[in-house]
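Structural features, examined
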Amino acid sequence: IRRPPRSTLFPCTTLFRSLQYSLNYARTFGKHEVTGLALVQRDNWDTNAPQVPFNVIGFSGRATYGYDQKYLAEVNVGYNGSEQFSPNKRFGFFPAFSVGWVASNERFLKDNPVLTHLKLRATYGKVGNDQIGSEQDRFFYLSNVNLNDGGKGMNFGTEGAYSRPGVSISRYENEEIGWETAYKTNLGIELSILDKFEIQADFFSEHRTNILMDRASVPSSMGLQAATRANVGEASGKGFEVAVDYNQYFSNGFWMTGRGNFTYATSEYKVYEEANYEDMPWQSHVGRSLQQTWGYVAERLFVDEYDVANSPVQNFGGDVSTMAGDIKYKDINHDGQITELDKVPIGYPVVPEIIYGFGLSCGWKGFDASVFFQGSARSSFWINPSDTSPFLGKQRALLKAYADDHWSEDNRNIYALWPRLSEKTVENNMQTSTWFMRDGSFLRLKSAEIGYTVPKKKTQKIHLDMVRIYLSGTNLLTFSKFKLWDPEMGGGGLGYPVQRVVN
């Protein structure tokens, strides 16, 4: 299949129909099973700027092979082109390979009464991503120049009454920006024990390269109006996932089924475009999670004005200066003032690194019951002081938790939940810090149900096929260290709450 002319991939104002061609193949030769699929696809779809539609084109193919239901292999290939990049970076080749071995079909495990199923599998592949940057940031290889920017213009003439717009640049062309790529590996195992326990476990890893980042090494003395960007970032992720199913039917009519799953995933930057932080390692993103939060270390609240005057300077702007009862931050670099350089990695990532759930169902002689729990761990969130500050905005009320536990002249509690009250925004207390950091871990009884099904011989007397009486509920219990509101609501807390429902 020939690649289409590059001119068809340049941005244009003409909308083409979506085109798709496919070819399928499947055949069995004795113990050999072979399948194949080839697909050529071209898509155009509208965006916020319908006069300039998106334009992509690609070829993809897949071939699978199996022998005697024991040895399996699969190859996937993709050759895709995107309008985002210059002609020399437009197309990318993305292959993937996988193999599998059904060991339980081998002669030495064929009739094993304990290990009834065992399959080992492995996958390795390369994938590409052209959706980098913002949604409005298209055609990286083209500069973006505004020839009619009033903010960059000038005034002259008598009393400056005459003005002309100026020229501004929001992006410099870069023909070297290309696909963000990721190399993914997955190792898995499937096994069944006594035809009652089914276990699936996967270990996965990913190494992502060519991450688009702003160049931090460009000096301001160059006089550039916009940031310069390039594919310079690298990151990795890894984790594992386990799922266990259980099914058991007993001779007395009692039955039981259960399922549990557990996922752990973490990530870190390997290469991050940033300044040289050898003297301030806490500022570096390298080795940190992609979801890591930086903030100030809060020591306590200021006791009085003397405490404020004899502490490092905290000036975050705004109409209100720092006073007694405000949050006191730690001077990490010991320069006598609190600045952006005093921010350090705080808390766990905002996305949970652990997700898990487990449930059980059982029944006997028409009675049945089921419960399901879900939870997460190793995550942090921050109470949003802007969203929960009393007396600000549209006559916002004072939360009872803040009313019961805040700093005041009569209650100089330097560890109160809320700093001093104010009818104006106190920028010092709005900063991301450990003061409002909370543990996002929780365990929830997501659902529970009990029921009874009336025997069919009784319901048929009243001409009914089935009658079941039940009591069910969702979001019945939540176990969490955080008590102000539901932890899954995050830092706002004043949105529509999670509902406890009983049927």
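Refer to the structure above for everything that follows.
The paragraphs below set out a description of the structure included in this document. Nothing here was measured: the structure is a model prediction, and the numbers come from that model. Counting from 1, residues in each chain are numbered in the order their sequence is written. Only residues with pLDDT of 70 or above have their local features reported here, since the model is predicted, and side-chain atom pairs are shown and tallied only from 80 upward, although totals for entire chains, interfaces and linings are computed over all residues. Note that water and hydrogens are dropped before the side-chain values are worked out from all heavy atoms of the structure.

In the Ramachandran plot, aspartate 195 falls in the positive-phi region, its phi being about 55 degrees despite a non-glycine side chain. Runs of E in the DSSP output that reach at least two residues are strands. Runs of H or I that reach at least four are helices, and both are numbered from the N terminus. Its location among the elements puts aspartate 195 in the loop between strand S9 (180–193) and strand S10 (197–214). Overall, the relative accessible area of 59% leaves aspartate 195 in the exposed class. A positive phi is found at histidine 334, a non-glycine position, where the angle reads about 55 degrees. Mapped onto the elements, histidine 334 comes out in the loop between strand S15 (327–329) and strand S16 (344–346). Taking the relative accessible area as the measure of exposure, histidine 334 reaches 70% and is therefore exposed. Residue burial is assigned from relative accessible area. The probe radius is 1.4 Å, only protein chains are included, and a residue is buried under 20% of its type maximum, exposed over 50%, and partly exposed in between.

A ring pair, where both rings are aromatic, is described by two values, the distance of the centres and the angle of the planes. Aromatic pairs are defined between Phe, Tyr and Trp rings, using the six-membered ring for Trp, whenever the two ring centres lie within 6.5 Å; interplanar angles under 30 degrees are classed as stacked, those over 60 as edge-to-face, and all others as tilted. Summed over all chains, the structure comprises 20 aromatic pairs. A centroid spacing of 5.2 Å and a plane angle of 15 degrees characterise the contact between tyrosine 79 and phenylalanine 91, whose relative ring orientation is stacked. Remark: phenylalanine 91 occurs in strand S5 (residues 91–102) and tyrosine 79 occurs in strand S4 (residues 71–82); sequence separation between them is 12 residues. Plain terms: the ring middles of phenylalanine 240 and phenylalanine 262 are 5.9 Å apart, the flat faces sit at 25 degrees to each other, and that makes the pair stacked. Note that phenylalanine 240 is positioned in strand S11 (residues 229–249) and phenylalanine 262 in strand S12 (residues 255–271), a separation of 22 residues in sequence. When its relative accessible area of 31% is taken as the criterion, phenylalanine 262 is described as partly exposed.

A few words on a nonpolar patch on the surface. For patch building, the residue pool is restricted to those with more than 30% relative accessible area and no salt bridge; the joining distance is 9 Å between like charges and 5 Å between nonpolar side chains (Val, Leu, Ile, Met, Phe, Trp, Tyr). Surface exposure here means Shrake-Rupley accessible area, sampled with a 1.4 Å probe, where a residue is shielded only by the protein chains that are shown. For this analysis, a salt bridge means a side-chain nitrogen from Lys or Arg found within 4 Å of a carboxyl oxygen belonging to Asp or Glu. On the surface, Tyr71, Trp101, Phe108 and Leu120 cluster together into a nonpolar patch covering about 390 Å² of accessible area. Of the residues examined, leucine 120 reaches a relative accessible area of 34% and is grouped as partly exposed.

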